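Coordinate analysis (summary)
Below are the chains, spelled out letter by letter.
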Amino acid sequence: RHKMIPSIHTKGAEKTVLGLLKKYNIQKSIIHWYSGPLDLIAEFLEQGCYFTIGPDILSGSEIYLHLPMERILVETDNPTGMTWISGHKNRGDDIIKVYKQLSKKIPIEKKLLIELVKENLIELMNKNL
């Protein structure tokens, strides 16, 4: 009704959230810091979901391996994500660390990754119009 894109933390409620997305026919949403069952990712993608890659990539998360590049966004989970992962206080440039690590893992040049994520966000926002 309000044409807003929800950002959803599914931790421990992945099946419930997926059911609600389907029930209410929500075709665009952001799944924040997903760490749930990998076998549900395809259903979330079918529902039009985008996924964020966050600070957990610095501690070995490999969720990016299960996502198409056109559905990836990047975040730092401020105000506590980087503190929880690395133990240091959050900084404005923490997002660069996430981009740098993801670009190494994929692999893709960091500038290209930044452009790709920008395009993904624009595509998501255009779906909202």
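Bear in mind that the values here come from a model prediction, so they are computed numbers and not experimental data.

1. So, the nonpolar core
Generally speaking, a soluble globular protein has its nonpolar side chains buried in company with each other. In terms of nonpolar packing, the biggest core is built from 29 residues, with Y34, F44, F51, I53 and L102 touching the most fellow members. Among the elements of the structure, α1 (14-23), β2 (29-32), α2 (41-46), β3 (49-53), β4 (72-74), α4 (94-105) and α5 (110-127) are those that each provide at least two residues to this core.

2. Some details on the pairing of β3
Of all five residues in β3, five are buried, a share of seventy percent or more. Both β2 and β3 contribute to a ladder of three bridges, which runs parallel. Of the residues in β3, the one forming a bridge with I31 is F51. You can see the chain leave β2, run along α2 and come back into β3, and the turn it takes is right-handed. Pairing of β3 with β4 involves three bridges; the strand directions are parallel. Pairing of I53 across the sheet is with V74, part of β4.

3. Some words on the packing of α4 against α5
Axis angle and axis distance: for two packed helices, these are the angle between their axes and the distance between the axes, and together they describe the pair. Packing of α4 against α5 leaves a shortest axis separation of 9 Å and a crossing angle of 110°. One finds that α4 runs roughly perpendicular with respect to α5. Note on element contacts: α5 touches α4 through K110, L113, I114 and V117, opposite I96, Y99, K100, L102 and S103. Here the contact of α4 with α5 is built from residues that sort into six nonpolar, one polar and two charged.

4. Here we look at the sheet that holds β2
On the basis of which strands lie adjacent, the open sheet formed by four strands has the order β1-β2-β3-β4 and parallel pairing. Taken across any chain shown, the strands that pair with only one partner, and hence form the sheet edges, are β1 (7-9) and β4. Averaged over all neighbouring strand pairs, the angle between strand axes comes to 35°, with direction disregarded. Against the sheet, α5 makes contact with β2, β3 and β4, and its axis sits at roughly 110° relative to β4, the strand it touches most.

5. Notes on a positive patch on the surface
A contiguous patch of positive charge, built from K100, K104, K110 and K111, is present on the exposed surface. Sorting the residues of the positive patch by element identifies α4 and α5 as the ones contributing at least two each. Taking relative accessible area as the criterion, K100 reaches 46% and is therefore assigned partly exposed.

6. Examining the packing of aromatic side chains
Here the structure, examined in full by the defined rule, presents three aromatic pairs. One aromatic cluster in this structure is built from Y34, F44 and F51. The cationic tip of R71 hangs over the ring face of Y50; the distance from NZ or CZ to the ring centre is 5.5 Å.

Cut-offs applied
- Residues numbered from 1 in each chain as written.
- Predicted model: local features only at pLDDT ≥ 70, side-chain atom pairs only at ≥ 80, totals over all residues.
- Heavy atoms only, no water.
- Core = buried A, V, L, I, M, F, W, Y, C linked by side-chain atoms within 4.5 Å.
- Buried < 20%, exposed > 50% of the residue type's maximum accessible area, 1.4 Å probe, protein only.
- Helix = DSSP H or I, 4+ residues; strand = E, 2+ residues; numbered from the N terminus.
- Pairing = 2+ DSSP bridges.
- Right-handed = clockwise from strand over helix to strand, strands pointing away.
- Axes fitted to C-alpha atoms, helices over the stretch in contact; angles between N-to-C directions.
- Parallel < 35°, antiparallel > 145°, perpendicular 65-115°, else oblique.
- Contact = heavy atoms within 4.5 Å.
- Nonpolar A, V, L, I, M, F, W, Y, C, P; charged D, E, K, R; others polar.
- Patch = residues over 30% accessible without salt bridge, like charges linked within 9 Å, V, L, I, M, F, W, Y side chains within 5 Å.
- Areas by Shrake-Rupley, 256 points an atom, 1.4 Å probe, with all protein chains shown as cover.
- Salt bridge = Lys/Arg side-chain N within 4 Å of Asp/Glu carboxyl O.
- Lys, Arg positive; Asp, Glu negative; His and termini not counted.
- Charge placed at Lys NZ, Arg CZ, Asp CG, Glu CD.
- Phe/Tyr/Trp six-rings, centres within 6.5 Å; stacked < 30°, edge-to-face > 60°.
- Lys NZ or Arg CZ within 6 Å of the ring centre and 35° of its normal.

Keep in mind these values describe shape, not function.
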